[in-house]
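Letter by letter, the chains look like this.
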Amino acid sequence: MTHKVLVLPGDGIGPEIVTEGAKILQCLQQEYGLNIVLEYGLLGGSAVNALGEPYPAETRRQARAADAILLGAVGGPQWDTLERPLRPERGLLAIRSDLALFANLRPAILYPQLAAASSLKPDLVAGLDLLIVRELNGDIYFGQPRGIRTLENGEREGFNTMVYRQSEIERIARAAFEAARKRHRKVCSVDKANVLEASELWREVIERVARDYPDVALSHLYVDNAAMQLVRAPKQFDVIVTGNLFGDILSDCAAMLTGSIGMLPSASLDAKGKGLYEPIHGSAPDIAGKGAANPLATILSAAMLLRHSLNEPEYAERIERAVGQVLDQGLRTLDIMAEGMTPVGTQAMGDAVVAALVGD
Ligand code: IPM
Ligand code: MG
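Owing to the predicted nature of the structure, the values given are computational and were not obtained by experimental measurement. (Residues numbered from 1 in each chain as written. Chains lettered and ligands numbered in written order. Predicted model: local features only at pLDDT ≥ 70, side-chain atom pairs only at ≥ 80, totals over all residues. Heavy atoms only, no water.)

### Concerning the site of ligand 1
So the rule is basically this: One heavy atom within 4 Å of a molecule or strand is enough for the residue carrying it to be called near that molecule or strand. Each polar contact in these results corresponds to two N or O atoms within 3.5 Å; when the atoms are within protein, one needs to be able to donate a hydrogen and the other to accept it, and residues that are neighboring in sequence are counted only if both atoms are side-chain atoms. Per-residue and other accessible areas were derived by the Shrake-Rupley procedure at a 1.4 Å probe size, with only the shown protein chains allowed to occlude residues. Residues are grouped as follows: nonpolar covers Ala, Val, Leu, Ile, Met, Phe, Trp, Tyr, Cys and Pro; charged covers Asp, Glu, Lys and Arg; every other residue, Gly included, is treated as polar. What marks off one domain from the next here is an automatic or database domain assignment.
In the region of ligand 1, the neighbouring residues are Glu89, Arg96, Arg106, Arg134, Tyr141 and Asp248. Taking Tyr141, its side chain carries an N or O atom lying 2.5 Å from an oxygen atom of ligand 1. In isolation ligand 1 exposes 320 Å². Once the protein is present, 73% of that is buried. Of the residues assigned to the shell around ligand 1, the class counts are one nonpolar, no polar and five charged. The residues that make up the shell around ligand 1 include at least three from each of domain 1 (1-118 + 260-360) and domain 2 (129-257).

Structure representation (structure tokens):
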């Protein structure tokens, strides 16, 4: 069966890093017979420029027809002054919602070769391997009503709605417990149940679902404490499950623990395992076009794509081994540079991974 993969380069450094990600998939095709076809589409600011909207109908058609999607990144200062519906970020939220990609898996893994890059002491992060499972289709990101209104006294007021349905909580809970079964069987659910009703229901539903997973240990933390624990003793965590907003914030925090946000991939999955894969760093407009961006997060996103959506774990492992090898060889892009290492650009890093794959 031929796997159909839609490639969305996006904005900023997106096109540069996605070129390297696609190169890896093509290498697996040529060298090891991976049966795949790549199609290209537009999302975000590049789509606004070409077609006037951040998630155009053509991209929607392509995305619905694909087995999996590889995305670079979206956004940049030139689009920040557009009205909200035209902003690149809206394109990303729209594709997540349109394809019902509700389960966002954000691993934070510390590569032993990069231990010195963390801002925490090496013993606090050595061996770190945690997974944030972030709900991606609900919460204050999508809740209605929302807007900016003018009160009777003439003062303006901005408002959003934090809302979670039972069914939404249930399905993300199951995704987290299932993920934990493939890891160390620990789930920590993060909420703000001491203040918010949406969290009160969240906790209740998580506890009910947990009864179906007696082999998985469940704990709860309030989000403020979770933020503190992440920088105090991050190795206490295995799987963290949380809502859209808290997950957005905590996943950036967790990423930084590894010292190399340029290394971390992510997956956003629907109920059937179809998914969108993207590096968790953004579009980095400041270094766009300079050939300096780290393509490894995108390359590792391609590995996640093979594992989770295409059910091709052996190919995923080949990529992950090859990335380990280039790090062992001392190759570093600027974001993960350390003394005595060889600085390389985006393309050279991609080529080195290809060489490692071919030599494997
Ligand atoms: C992320 C990003 C997005 C989010 C933005 C770009 C809409 O921060 O994927 O974490 O808030 O979800
Ligand atoms: Mg974010």
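### Regarding the sheet that holds strand S12 (residues 275-279)
To keep things clear, this is the line we draw: Note on pairing: DSSP must find at least two bridges between two strands before they are called paired. Runs of E in the DSSP output that reach at least two residues are strands. Runs of H or I that reach at least four are helices, and both are numbered from the N terminus. An axis is simply a line fitted to the C-alpha atoms; with a helix, the fit covers only the stretch in contact. Between two such axes, the angle follows the N-to-C directions and lies from 0 to 180 degrees. We call two residues contacting when some pair of their heavy atoms lies within 4.5 Å.
Taken in spatial order, the 10 strands line up as S2-S1-S3-S12-S11-S4-S5-S10-S8-S9 in an open sheet, and their pairing is mixed. Single-partner strands in this sheet number two, and they are strand S2 (36-40) and strand S9 (217-222). The average undirected angle you get between the axes of adjacent strands in this sheet is 20°. Relative to strand S10 (residues 239-242), strand S8 (residues 186-191) runs parallel, the two being bridged by four bridges. By the bridge assignment for S10, Ser189 is matched with Val241. Across the sheet, helix H6 (residues 166-181) is in contact with strand S4 (103-109), strand S5 (129-135), S8, S9 and S10; its angle to S5 comes to roughly 165°.

### A short note on the packing of aromatic side chains
Heads up, the condition is: Here a Phe, Tyr or Trp ring, Trp counted by its six-membered ring, pairs with any other such ring whose centre lies within 6.5 Å, and the pair is stacked when the planes are under 30 degrees apart, edge-to-face when over 60, and tilted otherwise. Between buried and exposed lies partly exposed: a residue is buried under 20% and exposed over 50% of the maximum accessible area for its type, with that area taken using a 1.4 Å probe on protein chains only.
As enumerated under the stated definition, the model contains two aromatic pairs in all. For the pair Tyr164 and Trp202, a centre-to-centre distance of 5.3 Å together with 55° between the ring planes defines the contact as tilted. With a gap of 38 residues between them, Tyr164 in the loop between strand S7 (156-159) and H6 and Trp202 in helix H7 (residues 197-210) connect regions that are remote in the sequence. The burial state of Tyr164 is the same as that of Trp202; both residues are buried.

### What to know about the nonpolar core
Here is the rule: By convention a nonpolar core is built from buried Ala, Val, Leu, Ile, Met, Phe, Trp, Tyr and Cys residues, the set being connected through side-chain atoms within 4.5 Å.
Ranked by internal contacts, the top residues of the largest apolar core, which has 65 residues, are Phe177, Met263, Leu306, Ile319 and Val323. No other element matches helix H10 (residues 296-308), which puts eight residues into this core. When residues are assigned to domains, this core turns out to be shared by domain 1 (1-118 + 260-360) and domain 2 (129-257), each giving three or more. When sequence neighbours within four positions are dropped, the list of residues in contact with Leu306 reads Leu25, Leu28, Leu34, Asn311, Glu312, Pro313, Tyr315, Ala316 and Ile319. Of all hydrophobic cores here, the second largest spans 19 residues; its members include Leu120, Val190, Leu221 and Phe246.

### Points about unusual backbone geometry
Cis geometry marks the peptide bond from Gln144 to Pro145; its omega dihedral reads 0°. As for its placement among the helices and strands, Pro145 is situated in the loop between S5 and strand S6 (147-150). One non-glycine residue, Ala284, adopts positive backbone phi at about 40°. Secondary-structure assignment places Ala284 in the loop between S12 and H10. Look at Ala284 and you get partly exposed, because its relative accessible area is 23%. The phi dihedral of Asn311 falls on the positive side, at around 55°, and the residue is not glycine. Turning to its location among the elements, Asn311 is positioned in the loop between H10 and helix H11 (313-328).

### Thoughts on the side chain of Thr258
Mapping Thr258 onto the fold places it in the loop between helix H9 (244-257) and strand S11 (265-269). A polar contact is formed between the side chain of Thr258 and the backbone oxygen of Ala255, at a distance of 2.6 Å. For Thr258, the residues in contact, after removing those within four places along its chain, are Ala108, Ile109, Leu110, Leu114, Ser118, Leu128 and Leu264.

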